[in-house]
Amino acid sequence: MKQSIRKKVLLAILLVTILTSCCITVVFYFRSASMIEKNYTETVYSRVRQTMESFDNSMKELYYKNIEIAGKEELQREIKQYRESNNADELENLAEILRACKKNEDRLSSIDLILPEEQIAVTSEDFPVYKREIPKEEIQTIKEMEEKTARPVMVKNSVHENRTQVTEIQPIYDEEQNILAYLLLNVEERTLYYQYIDPIYDENMNQAVSGGNYELISNVMSWMIDKEESISIPAKSLSTTYLTVTAADAGFWGAVVILIPAALVIGGGVVWFRRRRK
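These numbers come from a predicted model, not from an experiment.

Considering the nonpolar core
Ranked by size, the top nonpolar core spans 30 residues in total, and within it Leu 75, Ile 79, Leu 113 and Leu 183 carry the most contacts. At the level of elements, helix 1 (2-70), helix 2 (73-85), helix 3 (88-102), strand 1 (110-115), strand 2 (120-123), strand 5 (164-173) and strand 6 (179-188) are the ones that each hand at least two residues to this core. It is helix 3 that provides the largest number of residues to this core, a total of 6 residues. Residues within four places of Leu 113 in sequence aside, it is in contact with Leu 75, Ile 79, Leu 94, Leu 98, Ile 120, Ala 121, Val 122, Ile 172, Ala 181, Tyr 182 and Leu 183.

Next up, the structure:
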């Protein structure tokens with residue numbers, strides 16, 4: 001009789017242990033899955049936000065640098081002297097001033113000076129120093145972009161037409177507030193990509209937000225090159241999306257979820273077996 005009661009008690013203990021471990025497993029699984037998803041999403045969002053803030057701060061610094069250079073008296077003086085003399089040596093002097101301004105700015109690919117009336121582009125690059133006969137349509141495009149409040153913009157390089165660049169445009173005025181020239185601080189597209197866009201385009205980061213980073217960058221680029229018609233907000237997908245985690249994270253949490261309940265079950269079995277032998 002006592003053995004029968006003891007067996008029943010031990011079986012009850014084992015059953016309670018198994019049920020408890022199963023409940024803990026289910027609860028812990030859902031809580032850990034929710035925690036993983038939350039932490040992973042927050043990590044991805046934080047990386048994207050830091051990248052975008054870094055890009056925004058860099059563009060602000062570019063804007064203030066452009067204002068500083070445009071206000072240099074020697075630059076304005078050389079522009080006026082060229083207009084008076086029409087001497088190509090003055091263009092060389094302008095190029096030297098631009099090179100000096102670019103000297104400690106590694107993020108800049110070049111600094112260009114557009115003289116709208118003369119249709120000339122002077123650059124900080126070693127070759128060519130300047131380019132004549134810039135198309136009026138291109139100068140008009142620069143003027144229209146400068147008048148917009150949203151900057152920087154993505155434009156084609158006036159000197160090297162095969163390049164696309166992110167540009168901060170600043171007009172240079174004379175005493176009567178007439179425009180002498182347009183100053184362009186340029187960052188090459190590839191520099192922009194590798195410093196700011198490539199981290200957001202990371203495959204794991206993009207999958208974690210269901211491809212949202214690709215849409216974000218594509219729309220930002222369309223806005224910067226003044227092609228708002230290509231900006232799109234895709235319809236919300238009704239298909240099931242899955243959380244993407246790294247293999248290390250999946251292995252860690254899988255081990256935690258499986259090993260703890262397994263340890264409880266094994267421990268309960270050992271206790272039951274020992275008591276049964278007694």
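Brief notes about helix 3
With 15 residues, helix 3 extends 21 Å from end C-alpha to end C-alpha; this agrees with the ideal 21 Å at 1.5 Å per step. The set of residues buried in helix 3 consists of Glu 90, Leu 91, Leu 94, Ala 95, Ile 97, Leu 98, Arg 99 and Cys 101. For helix 3, the side-chain oxygen to backbone nitrogen distance between the N-cap and Asp 89 is 3.0 Å, and the N-cap itself is Asn 87.

Here we look at the sheet that holds strand 5
With antiparallel pairing, the 6 strands of this open sheet are ordered in space as 3-2-1-6-5-4. Looking along the sheet, the strands with just one partner apiece sit at the ends: strand 3 (130-131) and strand 4 (153-156). Sheet topology places strand 4 next to strand 5; 4 bridges connect them, and they run antiparallel. Residue pairing in the sheet places Val 153 in a bridge with Thr 167 of strand 5. In this fold helix 2 packs onto strand 1, strand 2, strand 5 and strand 6, with an angle of close to 120° to the strand it touches most, strand 6. Contacting strand 1, strand 2, strand 3 and strand 6, helix 3 crosses the sheet at an angle of about 145° to strand 1.

Parameters and conventions
- In this convention, every chain numbers its residues from 1, walking through the sequence in written order.
- Reporting in this predicted model follows two pLDDT cut-offs: at least 70 for local features of residues, and 80 or more for side-chain atom pairs to be given and counted; totals over whole chains, interfaces and linings ignore these cut-offs and use all residues.
- Side-chain numbers come from the whole structure's heavy atoms, not from hydrogens or water.
- Here, the term nonpolar core denotes a set of buried Ala, Val, Leu, Ile, Met, Phe, Trp, Tyr and Cys residues that are joined through side-chain atoms within 4.5 Å.
- In this scheme, a residue with accessible area under 20% of its type's maximum is buried, one over 50% is exposed, and one in between is partly exposed, where area comes from a 1.4 Å probe on protein chains only.
- Helix and strand assignments follow DSSP, with helices taken as H or I runs no shorter than four residues and strands as E runs no shorter than two, numbered in order from the N terminus.
- Working rule for contacts: check all heavy atoms of both residues, and any pair within 4.5 Å makes them a contact.
- Take the residue count of a helix, subtract one, and multiply by 1.5 Å to get its expected span.
- In protein, a polar contact means a hydrogen-donor-capable atom and an acceptor-capable atom, both N or O and within 3.5 Å, with residues adjacent in sequence counting only if both atoms are side-chain atoms; elsewhere, any N or O pair within 3.5 Å suffices.
- Strand pairing requires that DSSP identify at least two bridges connecting the strands.
- Fitted lines through C-alpha atoms give the axes, limited to the stretch in contact for helices. The angle between two N-to-C directions lies from 0 to 180 degrees.

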